[in-house]
Amino acid sequence: MKDKLALQVRKLMEEFVEKANLKPGNIMVIGCSTSEIIGSKIGSNSSPDTAAVVFGAIYSYAKEKGIYLAIQCCEHLNRAIVVERKAVPFAEPVNVVPQPKAGGSFATQAYAHFEDPVVVEEIKADAG
């Protein structure tokens, strides 16, 4: 099941990046409800395991292509954005660390796996 989900996510990323004509250095914003992925109401059943699979597939593809990801937190963190610091060197960070039920499981994965994560209130991106 996890492998199938990862393959579906990678295929979606390939299609999106191609259609959006994203290039190395571009920034792509992604919001993800793991609750909805597993069939629950948004914000009701955060799934760290699902987030790990989906984030892993997206992040590995983005790294291959040199695309920066900007991951949107949930409403508990005012939809703040987790991004690599080098993608937004002059942005003013906010002092939060996403958690599965405060920021979302997907944003938590991003914060844990980015090389130098920073959370910002807003971002200008190339795709989303």
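Whatever comes next refers back to the structure up there.
If you're wondering where the values come from, they're calculated on a predicted model, not measured in any experiment.

In this section: the packing of aromatic side chains. This structure, assessed with the given rule, holds 4 aromatic pairs. Between Phe55 and Tyr59, the ring centres sit 5.0 Å apart and the planes meet at 25°, which makes this aromatic pair stacked. Placement of the pair is Phe55 and Tyr59 together in helix H3 (residues 48-65), with a separation of 4 residues, close to one helical turn. In this structure, Phe55 and Tyr59 share a single accessibility class: buried. Here Phe55 and Phe106 contribute two aromatic rings whose centre-to-centre distance is 5.8 Å and whose plane-to-plane angle is 75°, an arrangement assigned as edge-to-face. In this pair, Phe55 sits in helix H3 while Phe106 sits in helix H4 (residues 105-113), placing the two residues 51 residues apart along the sequence. The rings of Phe55, Tyr59, Phe106 and Phe114 are connected pair by pair, giving a single aromatic cluster.

Moving on, we get to the nonpolar core. Counting 26 residues, the largest nonpolar core has Ile30, Phe55, Ile58, Leu69, Ile71, Val82 and Phe114 as the members making the most contacts within it. Residue assignment for this core shows that the elements contributing at least two residues are helix H1 (2-20), strand E1 (27-31), H3, strand E2 (68-72) and H4. Sorting elements by how many residues they give to this core places H3 first, with 7 residues. Setting aside residues up to four positions removed in sequence, Phe55 forms contacts with Leu69, Ile71, Phe106, Gln109, Ala110, His113 and Phe114. In this structure, Ile81, Val83, Ala87 and Val118 belong to the second largest nonpolar core, which totals 8 residues.

What follows covers the pattern of salt bridges. Considering all chains together, one arrives at 7 salt bridges under this definition. Notably, a salt bridge pairs Asp116 with Arg85, separated by 3.1 Å at the nearest N-O pair. Placement of Asp116 in the loop between H4 and strand E4 (117-120) and of Arg85 in the loop between strand E3 (81-84) and H4 is noted, with a sequence separation of 31 residues between them. With a relative accessible area of 36%, Asp116 lands in the partly exposed category.

Before going further, it helps to spend a moment on unusual backbone geometry. Despite not being glycine, Asn21 has its phi angle at roughly 55°, a positive value. Residue placement: Asn21 occurs in the loop between H1 and E1. The phi dihedral of Asn78 is positive, around 55°, even though this residue is not glycine. One can find Asn78 in the loop between E2 and E3. Judged by relative accessible area, which is 70%, Asn78 ranks as exposed.

What counts as what
- Residues numbered from 1 in each chain as written.
- Predicted model: local features only at pLDDT ≥ 70, side-chain atom pairs only at ≥ 80, totals over all residues.
- Heavy atoms only, no water.
- Phe/Tyr/Trp six-rings, centres within 6.5 Å; stacked < 30°, edge-to-face > 60°.
- Helix = DSSP H or I, 4+ residues; strand = E, 2+ residues; numbered from the N terminus.
- Buried < 20%, exposed > 50% of the residue type's maximum accessible area, 1.4 Å probe, protein only.
- Core = buried A, V, L, I, M, F, W, Y, C linked by side-chain atoms within 4.5 Å.
- Contact = heavy atoms within 4.5 Å.
- Salt bridge = Lys/Arg side-chain N within 4 Å of Asp/Glu carboxyl O.

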